[in-house]
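The lines below spell out each chain.
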Amino acid sequence: MRVISIINLKGGVAKTISAINIAYTLVKAHGKRVLLIDNDKQGNTSKFFGLHSYEDKSLADLLIDRDCSIESVIKHTAYEGLDIIPANMNLLRANKEILLDVSRPQQTRLRKALSRLTNAYKNEYDYCIIDNAPDINMTVINALVASDDVLVPIKVDKFAFDGLELLVEQIEDVKEFNENITFKGCFVTMFQKNGVNVQGCEYLFSSTSYPLFHTVIRKTVKVDETTFVGKPLLDYKKSTAGQDYEKLVKEYLQMC
């Protein structure tokens, strides 16, 4: 199982939408089995699939409760081949409790849980996609320690790379626990064919030292519509953004 973290320390860059549609594209277009982890206290990925709850166990329980098994927090979505570990505001408490609990390792809890899943259910999942909060906290550090690859969605504006240097430093820091983690690159989201976006992309591709995917995700109102109906783009109406996520996933798979 290959683990991919979707993260940006800046909000409003279509991080959650990207995590959902990358995960579903792997299922729909490539026949893969995917585990999607909601690692954001807002729980928007969980809400998208109608699986946000305070009654059931969530990622917070998995990270702080020694007796919580990973099998007990995995929920099935309406889409065969796509499961999710949901999240809620209890992640705030989890971050504090992880820091206070020095009786066991703090940074490797998610990786150990995922390894137990892999060992117990061989070939159950081909990929794990983690939708991370725009933050550096213990749950995000756990996600990076568990990840093979990091993908960063960015929006073309003056602040596109704000926080990216800090994120890259954090990726380097977690190599103490996970030497195989790779920053695969940034990809542009919400692209519009206007002067600002076209010139901005040209600048990004020619002037930045950060790796960039060639595929850009075009802006379309259908993305907003999917949040109301709870359907990934490839299961909704045909759209440019849906086609772009297919190209992005294909580009990623070719890189691997």
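One structure accompanies this document, and this report is about it. (Residues numbered from 1 in each chain as written. Predicted model: local features only at pLDDT ≥ 70, side-chain atom pairs only at ≥ 80, totals over all residues. Heavy atoms only, no water.)

1. Examining unusual backbone geometry
Negative phi characterises most residues that are not glycine, and trans characterises most peptide bonds. Even without glycine at this site, Ala 14 takes up a positive phi of about 70°. Note that Ala 14 resides in the loop between β1 (2-6) and α1 (15-28). Positive phi outside glycine occurs at Met 190, with the angle close to 55°. With respect to the helices, strands and loops of the structure, Met 190 is situated in the loop between β7 (182-189) and α8 (195-207). Met 190 gets classed as partly exposed once you look at its relative accessible area, which sits at 22%. (Helix = DSSP H or I, 4+ residues; strand = E, 2+ residues; numbered from the N terminus. Buried < 20%, exposed > 50% of the residue type's maximum accessible area, 1.4 Å probe, protein only.)

2. Here we look at the packing of aromatic side chains
Scanning all chains against the criterion turns up 4 aromatic pairs. On the basis of an interplanar angle of 70° and a centroid distance of 5.1 Å, the ring pair of Phe 48 and Phe 49 is categorised as edge-to-face. Centroid distance Phe 187 to Phe 213: 6.4 Å. Interplanar angle 85°. Geometry classified as edge-to-face. Of the two residues, Phe 187 sits in strand β7 while Phe 213 sits in the loop between α8 and α9 (221-229), which places them 26 residues apart along the sequence. Each member of the pair, Phe 187 as well as Phe 213, is classed as buried. Each residue in the set Tyr 24, Phe 48, Phe 49 and Tyr 79 is aromatic and connected to the rest through ring pairs, giving one cluster. (Phe/Tyr/Trp six-rings, centres within 6.5 Å; stacked < 30°, edge-to-face > 60°.)

3. Points about the side chain of Gln 106
For Gln 106, the location among the structural elements is in the loop between α4 (90-100) and α5 (109-120). Among the residues examined, Gln 106 registers a relative accessible area of 16% and is labelled buried. There is a polar contact of 3.0 Å between the side chain of Gln 106 and the backbone oxygen of Leu 99. In this structure the side chain of Gln 106 is engaged in a polar contact, spanning 3.5 Å, whose partner is the backbone oxygen of Asp 101. Among all residues touching Gln 106, those that are not within four sequence positions of it are Ile 98, Leu 99, Asp 101, Met 138 and Asn 142. (Polar contact = N/O pair within 3.5 Å; in protein donor to acceptor, adjacent residues only side chain to side chain. Contact = heavy atoms within 4.5 Å.)

4. Details of the pairing of β7
Successive side chains on a regular strand alternate, one facing one side of the sheet and the next facing the other. Among the 8 residues that make up β7, 7 are buried, leaving the element largely enclosed by the rest of the structure. The pairing of strand β6 (residues 149-155) with β7 spans 7 bridges and is classified as parallel. Counterpart to Ile 154 in the pairing with β7 is Val 188. For the handedness criterion, the β-α-β arrangement of β6, helix α7 (residues 164-174) and β7 is classed as right-handed. (Pairing = 2+ DSSP bridges. Right-handed = clockwise from strand over helix to strand, strands pointing away.)

5. Some words on the sheet that holds strand β5 (residues 127-132)
Reading across from one edge, β3-β4-β2-β5-β1-β6-β7 is the order of the 7 strands in this open sheet, with mixed pairing throughout. Single-partner strands in this sheet number two, and they are β3 (75-76) and β7. The strands that helix α10 (residues 240-255) touches are β1, β5, β6 and β7; relative to β7, the one it contacts most, it runs at about 160°. (Axes fitted to C-alpha atoms, helices over the stretch in contact; angles between N-to-C directions.)

6. Looking at the pattern of salt bridges
Working definition: two side chains of opposite charge can pair if their charged atoms are close together. Summed over all chains, the structure comprises 10 salt bridges. Measuring nitrogen to oxygen at the nearest pair gives 3.7 Å for the salt bridge that ties Lys 15 to Asp 40. Note that Lys 15 is positioned in helix α1 and Asp 40 in the loop between β2 (34-39) and α2 (44-48), a separation of 25 residues in sequence. The pair formed by Lys 15 and Asp 40 is uniform in burial state, with each residue classed as buried. Between Lys 15 and Asp 131 there is a salt bridge, and its shortest N-O distance comes to 2.9 Å. Note that Lys 15 is positioned in helix α1 and Asp 131 in strand β5, a separation of 116 residues in sequence. For the pair shown, Lys 15 and Asp 131 are each scored as buried. When salt bridges with common partners are traced through the structure, they connect Lys 15, Asp 40 and Asp 131 into a single cluster. (Salt bridge = Lys/Arg side-chain N within 4 Å of Asp/Glu carboxyl O.)

7. Some points on helix α6 (residues 138-146)
Burial analysis of α6 places 9 of its 9 residues in the buried class, which makes it a mostly covered element. All of the buried residues along α6 are Met 138, Thr 139, Val 140, Ile 141, Asn 142, Ala 143, Leu 144, Val 145 and Ala 146.

8. So, the nonpolar core
Core analysis: the largest hydrophobic core is formed by 50 residues, its most contacted members being Leu 35, Ile 37, Ile 70, Ile 85, Leu 110 and Leu 114. It is α6 that provides the largest number of residues to this core, a total of 7 residues. Setting aside its immediate chain neighbours within four residues, Leu 114 contacts Met 1, Val 3, Leu 35, Ile 37, Ile 70, Cys 128 and Ala 146. The next biggest cluster of nonpolar side chains, apart from the first, holds 30 residues, and it includes Ala 19, Ala 23, Ile 84 and Phe 213. (Core = buried A, V, L, I, M, F, W, Y, C linked by side-chain atoms within 4.5 Å.)

As far as function goes, none of this settles anything; it's purely spatial.
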